[in-house]
Each structure stands twice: as structure tokens, then as C-alpha cells.
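Structural characterization, general
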Amino acid sequence: VEVSIRPEFIDLLAADQAGRPNSIEATIEALLFTGERFEARMRVGDEFVLFCLPSNRDWSEGQKIRLSLPADALSVWPKRDLAP
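Here the structure is a predicted model, which means the values were calculated and not measured.

Conventions adopted
- Residues numbered from 1 in each chain as written.
- Predicted model: local features only at pLDDT ≥ 70, side-chain atom pairs only at ≥ 80, totals over all residues.
- Heavy atoms only, no water.
- Helix = DSSP H or I, 4+ residues; strand = E, 2+ residues; numbered from the N terminus.
- Buried < 20%, exposed > 50% of the residue type's maximum accessible area, 1.4 Å probe, protein only.
- Contact = heavy atoms within 4.5 Å.
- Lys, Arg positive; Asp, Glu negative; His and termini not counted.
- Charge placed at Lys NZ, Arg CZ, Asp CG, Glu CD.
- pLDDT = per-residue confidence, 0-100.
- Salt bridge = Lys/Arg side-chain N within 4 Å of Asp/Glu carboxyl O.
- Patch = residues over 30% accessible without salt bridge, like charges linked within 9 Å, V, L, I, M, F, W, Y side chains within 5 Å.
- Areas by Shrake-Rupley, 256 points an atom, 1.4 Å probe, with all protein chains shown as cover.
- Core = buried A, V, L, I, M, F, W, Y, C linked by side-chain atoms within 4.5 Å.
- Pairing = 2+ DSSP bridges.
- Axes fitted to C-alpha atoms, helices over the stretch in contact; angles between N-to-C directions.

Secondary structure summary: the protein contains zero helices and seven strands in total. The C-alpha extent of the protein, read off along each of the three principal axes, is 45 × 30 × 20 Å. Counting across all 84 residues of the protein, residues that qualify as buried make up 23%. The contacts of the protein with a sequence gap of at least 6 include a subset with a gap of at least 24, amounting to 60%. Between the averaged position of the 10 positive side-chain charges in the protein and that of its 14 negative side-chain charges there is a distance of 2 Å.

With that settled, consider the confidence of the model for the protein. The predicted model of the protein averages 90 in pLDDT, with 96% of residues at 70 or higher. Confidence scores differ between elements of the protein, with strand 2 (residues 11-14) showing the lowest mean pLDDT of 88 and strand 4 (residues 37-44) the highest of 96.

Attention now moves to the pattern of salt bridges. In the structure shown here, the tally under the stated rule is five salt bridges. Measuring nitrogen to oxygen at the nearest pair gives 3.5 Å for the salt bridge that ties Glu-39 to Arg-37. Each of the salt bridges in this network shares a partner with another, and the network as a whole consists of Glu-36, Arg-37 and Glu-39.

This brings us to a nonpolar patch on the surface. Judged by side-chain polarity, Val-1, Val-3 and Val-76 come together as a nonpolar surface patch covering roughly 310 Å² of accessible area. Examined against the element boundaries, Val-76 turns out to sit in strand 7 (residues 75-77).

Attention now moves to the nonpolar core. Generally speaking, nonpolar side chains in soluble globular proteins are found buried as a group. Of all hydrophobic cores here, the largest spans 14 residues; its most connected members are Leu-12, Met-42, Leu-53, Trp-59, Ile-65 and Leu-67. Per element, the largest residue contribution to this core is four residues, and it comes from strand 4. Discounting chain neighbours no more than four positions away, the residues touching Trp-59 are Leu-12, Ile-28, Leu-31, Phe-38, Leu-53, Pro-54 and Ile-65.

Okay, unusual backbone geometry next. Across the chain, the bulk of peptide bonds are trans and the bulk of non-glycine residues have phi less than zero. Look at Asn-22: it is not a glycine, yet its phi comes out positive at around 55°. The residue Asn-22 is located in the loop between strand 2 and strand 3 (23-33) in this model.

Reading across the sheet, the five strands line up as 2-6-3-4-5 and stay open at both edges, with antiparallel pairing between neighbours. Edge strands, defined here as strands with exactly one partner in the open sheet, are strand 2 and strand 5 (47-54). When the angles between neighbouring strand axes are averaged without regard to direction, this sheet yields 45°. With eight bridges joining them, strand 4 and strand 5 adopt antiparallel strand pairing.

See the structure below:
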């Protein structure tokens with residue numbers, strides 16, 4: 001299956017909150033301050049995602065955070081094989 005969530009429903013947690021259900025660890029690889037927010041390139045496992053972070057917190061490259069994915073905001077899709 002594939003799981004999707006709208007980015008605005010993801011909660012940002014401190015890295016030490018590993019016990020939260022439906023949360024995954026991410027590492028901030030690169031940051032760009034755009035005035036009202038930070039645009040972050042984050043590593044999640046072996047993948048990279050682009051994410052907007054609020055400017056009202058301190059962020060740094062190399063910082064580990066947790067992304068909390070509320071169960072009621074998740075959509076589950078059957079995985080499709082696109083091979084011919």
C-alpha cells in the first residue's frame with residue numbers, strides 16, 4: 001500500500017518523542033529561509049522530502065525531528081504495479 005497525508009496535517013515534534021504513534025524520524029539536510037518560513041530538504045529513511053517549516057522556531061541543518069502523522073488524516077491507497 002501507499003500512504004498519503006496533506007502536509008499541513010503533519011505535526012512537528014522534538015526528536016526525543018519517539019514513543020508517539022504514527023511518527024517517523026527525519027533529519028534536516030538543507031534549509032532556506034524565505035522570510036515567512038523555512039523550506040527544508042529532509043531525509044526520511046532513504047528518501048528525501050521537501051517540507052515547509054514555520055519561522056517561529058529555531059531550525060538547523062543536521063537537526064533530527066519527528067514527523068507525527070495523525071491517523072485520521074492518513075489516506076491508504078493500494079499499490080499499483082506500473083510495469084507493463
